[in-house]
Amino acid sequence: MPRKKELSFEESLDKLEAIVEAMEQSDTSLKELMANYTEGMKLGEACLQELAKAEAAMDLVIKKDGNKIVEAELNIEGE
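Let us look at the structure shown here. Given the structure is predicted, the values throughout are model-derived calculations rather than measurements.

Time to look at the pattern of salt bridges. Per the stated rule, a full pass over the model turns up two salt bridges. One salt bridge connects lysine 15 with glutamate 39, and the closest N-O pair in it is separated by 3.0 Å. With lysine 15 in helix 1 (residues 9-24) and glutamate 39 in helix 2 (residues 30-61), this residue pair connects regions lying 24 residues apart in the sequence. Take lysine 15: its relative accessible area is 38%, and that puts it in the partly exposed class. Assessed through its relative accessible area of 30%, glutamate 39 is described here as partly exposed. One salt bridge connects lysine 53 with glutamate 50, and the closest N-O pair in it is separated by 3.1 Å. Linking lysine 53 with glutamate 50, this pair stays in helix 2, spanning three residues, or about one helical turn. Under the relative-accessibility criterion, lysine 53 is labelled partly exposed at 41%.

This is the structure we're talking about:
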């Protein structure tokens, strides 16, 4: 079975925004609302994880070594 392609941060955010917009429509069934809510929570968690990875990577770019600033190589997964 092929692995499901992981969405980029931007793709996840776009999809999450579309879900929120769809949920705001008054003609959505309860079943659809529940499915959208579940997917939205997963997408939100994925976005938060990507932001945490980016923040951790940025912490490595510039760090103090005593009173000096040292630049480290920025490594982001998938690039």
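Back to the text.
So, on to helix 1. Relative to the 22 Å expected for 16 residues at 1.5 Å per residue, helix 1 spans 23 Å between its end C-alpha atoms, a close match to the ideal helical length. Buried within helix 1 we find Ser12, Leu16 and Ile19. One side of helix 1 carries all its buried residues, which in axial view fall inside an arc of 60°. The exposed set on the far side of helix 1, more than 90 degrees from its buried face, consists of Glu10, Asp14, Glu21 and Glu24.

Criteria and cut-off values
- Residues numbered from 1 in each chain as written.
- Predicted model: local features only at pLDDT ≥ 70, side-chain atom pairs only at ≥ 80, totals over all residues.
- Heavy atoms only, no water.
- Salt bridge = Lys/Arg side-chain N within 4 Å of Asp/Glu carboxyl O.
- Helix = DSSP H or I, 4+ residues; strand = E, 2+ residues; numbered from the N terminus.
- Buried < 20%, exposed > 50% of the residue type's maximum accessible area, 1.4 Å probe, protein only.
- Expected span 1.5 Å × (residues − 1).
- Arc of directions from axis to C-beta.

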